[in-house]
Amino acid sequence: MTTLLEVSGVTVSFDGFRAINNLSFRISDAELRAVIGPNGAGKTTFMDIVTGKTRPDAGHILWGDKGLSLIGMSEARIAQAGIGRKFQKPTVFEEQTVQENLMMALRKDRRPLAVLFFKPSRSDFTRVDDLAEQIGLQEALLRVSGELSHGQKQWLEIGMLLAQEPQLLLVDEPAAGMTPAEREKTTAILVEAAKTRAVVVVEHDMEFVRRLNCKVTVLHEGSVLAEGSLDHVTKNQDVIDVYLGR
Ligand SMILES: Nc1ncnc2c1ncn2[C@@H]1O[C@H](COP(=O)(O)OP(=O)(O)OP(=O)(O)O)[C@@H](O)[C@H]1O
Ligand SMILES: [Mg+2]
């Protein structure tokens, strides 16, 4: 497997407090990775740095086989380069149907005139059907998104991100507020999505992480505390002390 994202020696301080402290790790092509760790460990800040929302004080972030440096690139350019991010709160257009939301997400050109004159082709409709199937919303295509359950809205947003065909998808606490059945389905969607791209999932729900069945990185005070299988990291005494044993 080749390295898709390489974070090395990254440090970020907020008013002198080091939220990320000499952080280094790698994500491979089409890898599924879980990131866990106590509140304030720097998990969300890590995603902010990779997506260009927060600029690190030191370190390198290299992307893709050409080793493109992401530091200093705008959020829009990083998204164009192939990194998609799902926030905790869904941001679907509530008045639009599932189909319309997915169709909108399919378009690469989001400039106002391009949006206004966009006529979906037959292949666009096929793509939307495929996406709806990937997120388990094929029966809900014509429903107004505002009427969907919280879980369904989250899946729709994942589908909208997949429509952009990111090479790396970052997902922050997808299971929050979901029913157990919705959580299970979310795991399945992410596992499937990670077959054709890399997916990094931050999650506190250990059952959820177990079902992802992937390599786990434990963050603590802005650095990697442990890495490996879930069984491996949950046996680590440092991990038990700072995270599991509380
Ligand atoms: N914009 C900011 N300004 C100041 N401090 C910040 C900012 N963003 C994050 N922090 C601080 O950085 C630390 C890491 O926060 P972060 O949100 O990355 O943690 P987290 O691991 O995502 O935690 P949680 O599990 O609670 O979501 C925290 O102490 C937080 O208060
Ligand atoms: Mg967070």
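The structure we're discussing is the one just above.
Rules used in this analysis
Residues numbered from 1 in each chain as written. Chains lettered and ligands numbered in written order. Predicted model: local features only at pLDDT ≥ 70, side-chain atom pairs only at ≥ 80, totals over all residues. Heavy atoms only, no water. Pairing = 2+ DSSP bridges. Helix = DSSP H or I, 4+ residues; strand = E, 2+ residues; numbered from the N terminus. Axes fitted to C-alpha atoms, helices over the stretch in contact; angles between N-to-C directions. Contact = heavy atoms within 4.5 Å. Near = heavy atom within 4 Å. Polar contact = N/O pair within 3.5 Å; in protein donor to acceptor, adjacent residues only side chain to side chain. Areas by Shrake-Rupley, 256 points an atom, 1.4 Å probe, with all protein chains shown as cover. Nonpolar A, V, L, I, M, F, W, Y, C, P; charged D, E, K, R; others polar. Parallel < 35°, antiparallel > 145°, perpendicular 65-115°, else oblique. Left-handed = near helix turned anticlockwise from the far one by under 90°. Expected span 1.5 Å × (residues − 1). Buried < 20%, exposed > 50% of the residue type's maximum accessible area, 1.4 Å probe, protein only. Arc of directions from axis to C-beta.

J.: Could you give an account of the sheet that holds strand E7 (residues 168-172), with specific residues and numbers?
T.: Read from one edge of the open sheet, six strands run E6-E7-E8-E3-E9-E10, paired in mixed fashion. Only two strands of the sheet have a single neighbouring strand rather than two, namely strand E6 (83-86) and strand E10 (223-228). Averaged over all pairs of adjacent strands, the angle between strand axes in this sheet comes to 20 degrees, irrespective of strand direction. Alignment of strand E3 (residues 32-36) against strand E8 (residues 198-202), held across four bridges, turns out to be parallel. What sits directly across from Val35, in E8, is Val202. Strand contacts of helix H1 (residues 43-50): E3, E6, E7, E8 and strand E9 (215-220), with the helix running at about 150 degrees to E7, the strand carrying the most contacts. In the packing of helix H7 (residues 180-193) onto the sheet, contacts are made with E3, E7 and E8, and the angle to E8 comes to roughly 150 degrees.

J.: Give a description of the environment of Lys119 that names residues and reports values.
T.: Along the polypeptide, Lys119 turns up in the loop between helix H4 (112-116) and helix H5 (122-134). On a C-alpha basis, the gap between Lys119 and Met1 in space is 39 Å, while along the polypeptide they are 118 residues apart.

J.: Lay out the site of ligand 1 in plain terms, naming residues and giving numbers.
T.: Around ligand 1 sit 13 residues in total, of which Asn39, Lys43, Thr44, Thr45 and His204 are the nearest. One of the backbone N or O atoms of Gly42 is found 3.0 Å from an oxygen atom in ligand 1. Within the contact set of ligand 1, an oxygen atom lies 2.5 Å away from a side-chain nitrogen or oxygen of Thr45. Out of a free accessible area of 640 Å², ligand 1 has 61% covered by protein chains. At the level of secondary structure, the elements contributing two or more residues to the shell around ligand 1 comprise strand E2 (17-28) and H1. For the shell around ligand 1, the leading source of residues is H1, giving three residues. Across the shell around ligand 1, the residue classes tally to five nonpolar, six polar and two charged.

J.: Any details on the packing of helix H3 (residues 98-106) against helix H6 (residues 150-163)? Residues and values, ideally.
T.: The angle between the axes and the distance between the axes are what describe a pair of packed helices. Orientation of H3 relative to H6, taken along the N-to-C sense of each, is 30 degrees, at an axis distance of 7 Å. Considered as vectors, H3 and H6 are oriented roughly parallel to each other. Along this stretch, H3 crosses H6, giving a crossing that reads as right-handed. Along the contact surface, H3 presents Val98, Asn101, Leu102, Ala105 and Leu106, while H6 presents Leu156, Gly159, Met160 and Ala163. Of the residues contributing to the contact of H3 with H6, the split by class is seven nonpolar, two polar and no charged.

J.: Account for H7, with residues named and values stated.
T.: Look at H7: 20 Å from first C-alpha to last across 14 residues, which is about the 20 Å you get at 1.5 Å a residue. Buried residues of H7: Glu182, Thr186, Thr187, Ile189, Leu190 and Ala193, and no others. Angularly, the buried residues of H7 cover 165 degrees about the axis, an arc narrow enough to put them on a single face. In H7, the exposed positions that point more than 90 degrees away from the buried face belong to Pro180 and Ala181. Those residues of H7 that are buried lie in contact with E3, H5, H6, E7, E8 and helix H8 (206-212).

J.: Could you give an account of unusual backbone geometry, naming the residues involved and the relevant values?
T.: A negative phi holds for most residues other than glycine; trans holds for most peptide bonds. Phi angles above zero are rare outside glycine, and Asp15 is one such case at about 50 degrees. Take Asp15: it is sitting in the loop between strand E1 (3-14) and E2. Note on Asp15: relative accessible area 85%, which makes it exposed.

J.: Now, about the side chain of Lys86: what can you tell me, with residues and values included?
T.: For Lys86, the position within the fold is in strand E6. With a relative accessible area of 2%, Lys86 lands in the buried category. Setting aside chain neighbours within four positions, we find Lys86 in contact with Gln154, Glu157, Ile158, Leu161, Leu170, Val171 and Asp172.

These values are about where atoms sit, not about what they do.
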